[in-house]
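# Understanding the architecture of this molecule
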Amino acid sequence: MPFIIVSKYERHCLFGKDKNKKKKERYQNSRRQALLDDHPSFLKRRQHIQSTKKKGCPAKIVMKEVLVFPEYKAKQDAEKARRIASEKLREDLEVRGSNMKREHRIYKSLPKDEEHQNMHLLGQITSFMNLVNKEVREKLYEMVGHGVTSVSEMRRHLKVYVDTQLFPSASKPSLTDAAYYPSDVTLRKHIYLAQLRLRYSKIDQENLMELVSQWQESYPKDNFDFMPATSNENQPMDEDNINDVQCVEQDDEDEVFSQLITTTNFFFCHQSEFQRHLLYRVSKLSKTG
């Protein structure tokens, strides 16, 4: 039966290959090189007992999105019959296009336990190493925006959210599943990151920038100098300028992105016409005195 593969998705094991191995090696080399400079900067860093959870496990889930055309099924299981059916399908696709009868199918290939090659533990015992679910993480950031910064209070809010919103009637995940019930250490880390993002939020600064434009029009003889606070938290690490690195596990792809967080301080200055006039008078008096 003729078919067209629309898309293909692969999801590798949590203990699969380390996609960022070379990036981590470059970063470690840069750190060692920075310590050899004339004036190295020593920063307190968290000590990682386990460098990475990756073990090179080859197991993966493969999903294919396929369009099948049952009307063009070959009458015989022979190469010539399949070629004739395929040529007929191509001709009709050019003429009829999307009006042709088709079936939309999803094929999934799930790995067997043997494909993990005994490289790591299997089953529910590994759920405590799962990454935080994307929806749970977004809810956590939302709660931080509402002022919730206590780990115990955040844990309670997230449990209510998972039990009542994500799984209201379906079977709920295990309490050991870190994707939906993160540990206190994970909660504390994400609360801190959420606070960083809120600290450099552009909303208030954009409003102030609009006000400065209005003030400049209303008071053209006054001086205004405005420089918003910025952070490159969401930008890739610059290897030529290493100050501090936060390693945070991101979305469901199980990748760790090293980021260099540098900031620009907020600055705002307003000098009125009368203040400038006073400064001018004072400077003249100091010269004559």
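Let me begin by describing the structure that accompanies this report. Remember, predicted model here, so these are calculated numbers, not experimental data. (Residues numbered from 1 in each chain as written. Predicted model: local features only at pLDDT ≥ 70, side-chain atom pairs only at ≥ 80, totals over all residues. Heavy atoms only, no water.)

Now for the overall build of the protein. Within the protein, the secondary structure is distributed over seven helices and nine strands. With 289 residues in all, the protein has 27% of them scored as buried. Counting contacts in the protein only where the partners sit at least 6 residues apart, residues at least 24 apart contribute 76% of the total. For the protein, the exposed surface amounts to about 21100 Å²; the carbon and sulfur share of it is 51%. (Helix = DSSP H or I, 4+ residues; strand = E, 2+ residues; numbered from the N terminus. Buried < 20%, exposed > 50% of the residue type's maximum accessible area, 1.4 Å probe, protein only. Contact = heavy atoms within 4.5 Å. Areas by Shrake-Rupley, 256 points an atom, 1.4 Å probe, with all protein chains shown as cover.)

Here the focus is the sheet that holds strand β2 (residues 60–68). The antiparallel open sheet is built from three strands, whose spatial order is β1-β2-β3. What marks the edges here is a single partner per strand, and that holds for β1 (3–12) and β3 (103–109). If you compare each strand with its neighbour and ignore which way they point, the axes differ by 15 degrees on average. In this structure, β1 lies alongside β2, joined through nine bridges in antiparallel fashion. Within the sheet, the bridge partner assigned to Ile-5 lies in β2 and is Val-66. (Pairing = 2+ DSSP bridges. Axes fitted to C-alpha atoms, helices over the stretch in contact; angles between N-to-C directions.)

Okay, the nonpolar core next. One finds Leu-140, Met-154 and Tyr-180 to be the most contacted residues of the largest nonpolar core, which totals 17 residues. Looking at this core, the elements with two or more residues in it are α3 (134–145), α4 (151–166) and α5 (184–199). With residues near it in sequence (within four places) discarded, Tyr-180 still touches Asn-133, Val-136, Val-162, Leu-166, Phe-167 and Pro-173. (Core = buried A, V, L, I, M, F, W, Y, C linked by side-chain atoms within 4.5 Å.)

Let us now look at the side chain of Asp-222. Note on placement: Asp-222 falls in the loop between α6 (202–218) and β4 (223–227). Of the side chains with opposite charge, Arg-276 comes closest to the buried, unpaired Asp-222, at an N-O distance of 5.5 Å. Here His-270 takes part through its side chain, which lies 3.2 Å from a polar atom of the side chain of Asp-222. (Lys, Arg positive; Asp, Glu negative; His and termini not counted. Salt bridge = Lys/Arg side-chain N within 4 Å of Asp/Glu carboxyl O. Polar contact = N/O pair within 3.5 Å; in protein donor to acceptor, adjacent residues only side chain to side chain.)

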